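# Structural overview
What follows is each chain in one-letter form.
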Amino acid sequence: MNKPRVIVTQRTTHEGLLAELSRLDEHCDVRRASGAALTHDELKNWLQDAEGWITGGEKIDAQLLESAQKLRVICQPSVGYDNIDVAACTSRHIRIGNTPGVLTEATADLGYGLLLAAARKITEGWDYVRGGDFGRGEAFPFGVDLYDKILGIVGMGQIGVAIARRARASGMRIIYHNRKESAQAGELQARYVDMNELLTESDFVLLLTPLTPDTRKLIGAEQFTLMKKTAFLINMARGLVVDTDALVHALQTGKIAFAALDVTDPEPLPADHPLLKMDHVLISPHIGSATNETRTRMERLTVDNLLAGIFGRPMPQCVNPDA
Ligand code: DGY
């Protein structure tokens, strides 16, 4: 019997991930991209006979799917799937696999790490030491305490809860906004508030919400006006949850104090972007889940999803099981 054709456009050179991907070889006829990203035309060509696809985060819409008449399952090693038109997939009976759960703690570490690094000026401290200024210690600008400060979390899912636990250990007070109240709110002594109250009250505003039509540019000029002038914004969600031009303006005009971002819009930022020239900004390159252990678990789950989906079994994590 012919093996089903699977394409892998995720490009990686990490050994652990390649080892997970190699599990496909026994069961599937795998075509794997390496080197430069495929052009749109190459991708359409690869999709012609593909029944399964492990993506590299490409935009997947109805038009692209026209080239993928045999496709039955799309998987990607990420919890977010805002690059995929889910309705277009479901109507074509294409199931989508993602990787929630396995990246919670690593992403929470990075989110809390960015918050802490921003509050305590850790990267400025390193620049200071490297610049030979250690001896002038009294000139180093002070940071701010976390203890007794208010952390406002927008999007209180698993990662929000995991960051809230870390924040509680530092003595922070937690408020949050979410579609529904969190079952863990009691344990975290976290208070549910509306969005305006969250923006007005928070010393640190942490974004974790998925990108949807409702959350696109959720934080813009109006929201920056509500925030404290001393507030820190931390974005661990998607770049498009924030209106980047409004963020630049808010930082330039002192409407907020600091932005720490693991995600940006556009991503990556062009080399001449104003955010890259500001002192009160800290940006990491979308590495929330980027640890050996976590990325390996994500890849394992992606391959498990793919194999289950392509052989008609229930997928361990499926966005649209009714497809
Ligand atoms: C996720 O899992 O969604 C991460 O942001 C990587 O895209």
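### Considering the sheet that holds strand β11 (residues 258-261)
- Pairing is parallel in the open sheet, where 7 strands are placed in the order β8-β7-β6-β9-β10-β11-β12. The open sheet is flanked by β8 (190-192) and β12 (281-283), the only strands paired with a single partner. Strand-to-strand, the axes of this sheet are offset by a mean angle of 15°, without reference to chain direction.
- Of the strand pairs in this sheet, strand β9 (residues 204-207) and strand β10 (residues 232-235) are connected by 4 bridges, and their pairing is parallel. Bridge pairing in β10 places Val205 opposite Leu233.
- Relative to β10, helix α5 (residues 104-119) is tilted by about 155°, and along the sheet it contacts β6 (150-154), β9, β10, β11 and β12.

### Considerations on the site of the ligand
- Every residue lining the ligand is accounted for by Ser78, Val79, Gly80, Leu103, Arg238 and His286.
- The contact in question runs from an oxygen atom of the ligand to an N or O atom on the backbone of Gly80, over 2.8 Å.
- Here Arg238 contributes a side-chain N or O atom positioned 2.8 Å from an oxygen atom of the ligand.
- Burial of the ligand by the protein chains amounts to 78% of its free accessible area of 230 Å².
- For the shell around the ligand, a count of residues per class yields 2 nonpolar, 3 polar and 1 charged.

### What about the packing of aromatic side chains?
- Scanning the entire structure with this criterion turns up 4 aromatic pairs.
- Where Tyr128 meets Phe140, the ring centres are 5.0 Å apart and the plane angle is 65°; that geometry is what we call edge-to-face. On the criterion of sequence distance, the pair formed by Tyr128 in helix α6 (residues 122-130) and Phe140 in the loop between α6 and β6 is long-range, its members being 12 residues apart.
- With a relative accessible area of 13%, Tyr128 lands in the buried category.
- According to the relative accessible area criterion, Phe140 is partly exposed, its value standing at 22%.
- An angle of 20° between the planes, with centres 5.4 Å apart, marks the rings of Phe232 and Phe258 as stacked.

### With respect to unusual backbone geometry
- Backbone torsion omega between Asp265 and Pro266 reads 0°, so that peptide bond is classified as cis.
- Its place among the elements puts Pro266 in the loop between β11 and β12.
- The omega angle of the peptide bond from Glu267 to Pro268 is 0°, so this bond is cis rather than trans.
- Secondary-structure assignment places Pro268 in the loop between β11 and β12.
- A positive phi is found at Asp148, a non-glycine position, where the angle reads about 70°.
- Summarising the element assignment, Asp148 is placed in the loop between α6 and β6.
- Of note in this structure, His286 is not a glycine but carries a positive phi near 50°.
- By the element assignment, His286 lies in the loop between β12 and α12 (292-310).
- Judged by its relative accessible area of 29%, His286 falls in the partly exposed class.

### Looking at the packing of α5 against helix α7 (residues 158-169)
- Two numbers describe how α5 lies on α7: the axes approach to 9 Å, and their chain directions differ by 50°. Taken together, the axis directions place α5 and α7 in an arrangement best described as oblique. Along this stretch, α5 crosses α7, giving a crossing that reads as right-handed. Contacts from Thr104, Glu105, Thr107, Ala108, Asp109, Gly111 and Tyr112 of α5 reach α7 at Gln158, Ile159, Ala162, Ile163, Arg166 and Ala167.
- Of the residues that constitute the contact of α5 with α7, the class distribution is 6 nonpolar, 4 polar and 3 charged.

Definitions and limits used
Residue positions within a chain follow its written sequence, with the count starting from 1. Local features are withheld for residues below a pLDDT of 70 in this predicted model, meaning they are given only at 70 or higher, and side-chain atom pairs are given and counted only at 80 or more; totals for whole chains, interfaces and linings count all residues. The side-chain values count all of the structure's non-hydrogen atoms but skip hydrogen atoms and water molecules. A pair of strands is labelled paired if DSSP reports no fewer than 2 bridges between them. Each helix is a run of DSSP H or I of at least 4 residues and each strand a run of E of at least 2, with the numbering of both proceeding from the N terminus. Note on method: axes are straight lines fitted to C-alpha atoms, helices fitted across the in-contact stretch only, with angles between N-to-C directions ranging 0 to 180 degrees. Contact criterion: two residues are considered in contact whenever any of their non-hydrogen atoms come within 4.5 Å of each other. Residues are counted as near a molecule or strand when any one of their heavy atoms sits within 4 Å of it. N or O atoms closer than or at 3.5 Å make up a polar contact, with two conditions inside protein: a donor-capable atom paired with an acceptor-capable one, and, for residues adjacent in sequence, both atoms drawn from side chains. Where accessible areas are quoted, they stem from the Shrake-Rupley method and a 1.4 Å probe; at the residue level, only the protein chains shown are allowed to cover. Following the grouping adopted for this structure description, the nonpolar residues are Ala, Val, Leu, Ile, Met, Phe, Trp, Tyr, Cys and Pro, the charged ones are Asp, Glu, Lys and Arg, and the polar ones are all others, Gly among them. We call Phe, Tyr and Trp rings a pair once their centres come within 6.5 Å, taking the six-membered ring for Trp, and we label the pair stacked below 30 degrees between planes, edge-to-face above 60, and tilted otherwise. Burial classes follow relative accessibility: with a 1.4 Å probe on protein chains only, a residue under 20% of its type's maximum area counts as buried, one over 50% as exposed, and anything between as partly exposed. When describing relative orientation, an angle under 35 degrees is termed roughly parallel and one over 145 degrees roughly antiparallel, while 65 to 115 degrees is termed roughly perpendicular and anything else oblique. Definitions for this section: a left-handed crossing has its near helix turned counterclockwise from the far helix by less than a right angle. A right-handed crossing has that turn clockwise.

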